[in-house]
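Coordinates in review
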Amino acid sequence: MSDSPKVHRTELTPVSFLERAAAVFPDRIAVVHGERRLTYRELHARASRLASALRARGLAKGDRVAVLAPNVPALLEAHFGVPAAGGVLVAINTRLAAPEVEYIVAHARAGLLIVDRELEHLAPALPGLEVIRLDDTGRPDDPYEQLLASGSPEPVESWLADEEETISVNYTSGTTGQPKGVMYTHRGAYLNAMAEALETGMGFGSVYLWTLPMFHCNGWCFPWAVTAIGGTHVCLRRVDPAAIWELLDRERVTHCCGAPTVWISVVNHPSAHRLERR
C-alpha cells in the first residue's frame, strides 16, 4: 500500500465552504449582528484566527471544544474555526441547567469552553477545563476577541485525513436520562448542508435569519449551508417577535427556520404584516 497523497480525491468537509466564499466573494456581507457587519474575507480571517489560537493553546486532533452561547457570530465562527483546527465542536443547549451543562462538558471531555456573558453562571469548574468568556461586543477587551487576537488570520494546515472523522458532537436535552451525544462527520455535515441549500431553494443573495438555535443539530447544518452559497447570516441573540419583524424588513430576509411555537408568536405579534416577497 502506498502512503502517497490521494491526488484523485478531496475529502469532503464544510470547512471548505468558507474557504471558497472568502476566495470567490470576499467583500460580500457574511454576517449581520446589530450594527456589526462582517464580510466573508473578515469571517474567514476570524475563523482562521480561532483555529490558530486553539492550536497554539495545545489543541490536538480530535480534542473537544465546547461553546455555550446564543446565536451570535462567535458560535458561527466556531463551526469553522474548531474543525479547521482539527478539533470537534460541542455546541451546548443554552436552555439547560448547570448540572446538565457540567455533565455534557465532562462527558465530551472538552478542554476548552467558550461561554457567553449571560450564561457564565452555568460554566462548570472542572479540572483541566479552560473557560473563556464571550462578551459579544467585538471590542478588544472582550476575552473572546483577545483569544482571536492571539491567533493568525492565515489558514492553518489541515489535519483532516478522512472525511468520516468527527466534526461535532450534539447532545440531547436529557429528558429520558442523561444527555446523549450524537457524532456528526465532516462528510455528513457537508452533504446535509448541500441538501439544505437545495431543499430550501437557497441561492445567490439569500439572507438567513437565525431564529433556529445553532446548538440544535448544528442549526440543522445551516451555518455551513448558508456559507456554501455565499448567503448572509443575520444573527439573533434571542427569539423576539418584534426584533424578528424588524430584521425581516430591514435586512430583507429570505429564509429562516423554527418550531411552530416560534412562528405562532411571530404571526400574532402586533408588528405582523404581509411581505411583498416570498
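Residues numbered from 1 in each chain as written. Predicted model: local features only at pLDDT ≥ 70, side-chain atom pairs only at ≥ 80, totals over all residues. Heavy atoms only, no water.

Quick word on the overall build of the chain
- A tally of regular secondary structure across the chain gives 10 helices and 11 strands.
- What you see for the chain is a C-alpha radius of gyration of 18 Å, in line with the 19 Å of a compact globule of 278 residues.
- Oriented by its inertia axes, the alpha-carbon framework of the chain measures out at about 60 × 45 × 40 Å.
- In the form shown here, the chain has an accessible surface area of approximately 13,100 Å², with 54% of it arising from carbon and sulfur atoms.
- Of note, the chain has its 27 positive side-chain charges centred 3 Å away from the centre of its 32 negative side-chain charges. (Helix = DSSP H or I, 4+ residues; strand = E, 2+ residues; numbered from the N terminus. Rg over C-alpha atoms; globule rule 2.2 N^0.38 Å. Areas by Shrake-Rupley, 256 points an atom, 1.4 Å probe, with all protein chains shown as cover. Lys, Arg positive; Asp, Glu negative; His and termini not counted. Charge placed at Lys NZ, Arg CZ, Asp CG, Glu CD.)

Things to note about the pairing of strand S3 (residues 64-68)
- With 5 of its 5 residues buried, S3 lies for the most part within the structure.
- Both faces of S3 are covered, namely the face carrying Arg64, Ala66 and Leu68 and the face carrying Val65 and Val67.
- Across 4 bridges, S3 lies against strand S4 (residues 88-91) in parallel orientation. Bridge pairing links Ala66 to Val90 in S4.
- Remark: the S3/helix H3 (residues 73-85)/S4 crossover connection has right-handed handedness.
- Inspection of the sheet shows S3 paired to strand S5 (residues 110-116) by 5 bridges, in the parallel sense. (Buried < 20%, exposed > 50% of the residue type's maximum accessible area, 1.4 Å probe, protein only. Pairing = 2+ DSSP bridges. Right-handed = clockwise from strand over helix to strand, strands pointing away.)

Quick word on the sheet that holds strand S9 (residues 207-209)
- Strand order in the open sheet made by the 5 strands is S2-S1-S10-S9-S11, with mixed pairing throughout. Only two strands of the sheet have a single neighbouring strand rather than two, namely strand S2 (36-39) and strand S11 (255-256).
- Across 4 bridges, strand S1 (residues 29-33) lies against S2 in antiparallel orientation. Opposite Val32, over in S2, you have Arg37 as the bridge partner.

A word on the packing of helix H2 (residues 40-56) against H3
- Where H2 contacts H3, the axes come no closer than 8 Å and their chain directions differ by 45 degrees. By the angle between their axes, H2 is oblique relative to H3. In this structure, H2 crosses over H3, and the sense of that crossing is right-handed. Residues Leu43, Arg46, Ala47, Leu50, Ala51, Leu54 and Arg55 of H2 form the contact with H3, whose participating residues are Leu76, Glu77, Ala78, Phe80, Gly81, Val82, Ala84 and Ala85.
- For the contact of H2 with H3, a count of residues per class yields 11 nonpolar, 1 polar and 3 charged. (Axes fitted to C-alpha atoms, helices over the stretch in contact; angles between N-to-C directions. Parallel < 35°, antiparallel > 145°, perpendicular 65-115°, else oblique. Left-handed = near helix turned anticlockwise from the far one by under 90°. Contact = heavy atoms within 4.5 Å. Nonpolar A, V, L, I, M, F, W, Y, C, P; charged D, E, K, R; others polar.)

Describing the packing of aromatic side chains
- A complete count under the given rule lists 5 aromatic pairs for this structure.
- On the numbers, 4.8 Å between centres and 15 degrees between planes, the contact of Tyr208 with Phe222 is stacked. In this pair, Tyr208 is assigned in strand S9 and Phe222 in helix H8 (residues 222-228), connecting sequence segments 14 residues apart. Side by side, Tyr208 and Phe222 carry an identical accessibility label, which is buried.
- One Lys or Arg, Arg28, reaches over the ring of Phe25 and ends 4.2 Å from the middle of that ring.
- Across the ring face of Trp159, the terminal group of Arg55 is positioned such that the distance to the ring centre comes to 3.5 Å. (Phe/Tyr/Trp six-rings, centres within 6.5 Å; stacked < 30°, edge-to-face > 60°. Lys NZ or Arg CZ within 6 Å of the ring centre and 35° of its normal.)

With respect to the packing of helix H1 (residues 15-24) against H2
- For the pair H1 and H2, interaxial distance at closest approach is 8 Å and the crossing angle is 140 degrees. The angle between H1 and H2 falls in the class oblique. Here the hand of the crossing between H1 and H2 comes out left-handed. Counted together, Leu18, Glu19, Ala21 and Ala22 of H1 and Tyr40, Arg41, Leu43, His44 and Ala47 of H2 form the full contact between these two elements.
- The class makeup of the residues in the contact of H1 with H2 is 6 nonpolar, 1 polar and 2 charged.

Quick notes on H1
- Every buried residue of H1 is accounted for by Val15, Phe17, Leu18, Ala21 and Ala22. The buried residues of H1 occupy an angular sector of 160 degrees when projected down its axis, which confines them to one face.
- The secondary structure elements touched by the buried residues of H1 are H2, H3, helix H6 (186-199) and H8. (Arc of directions from axis to C-beta.)

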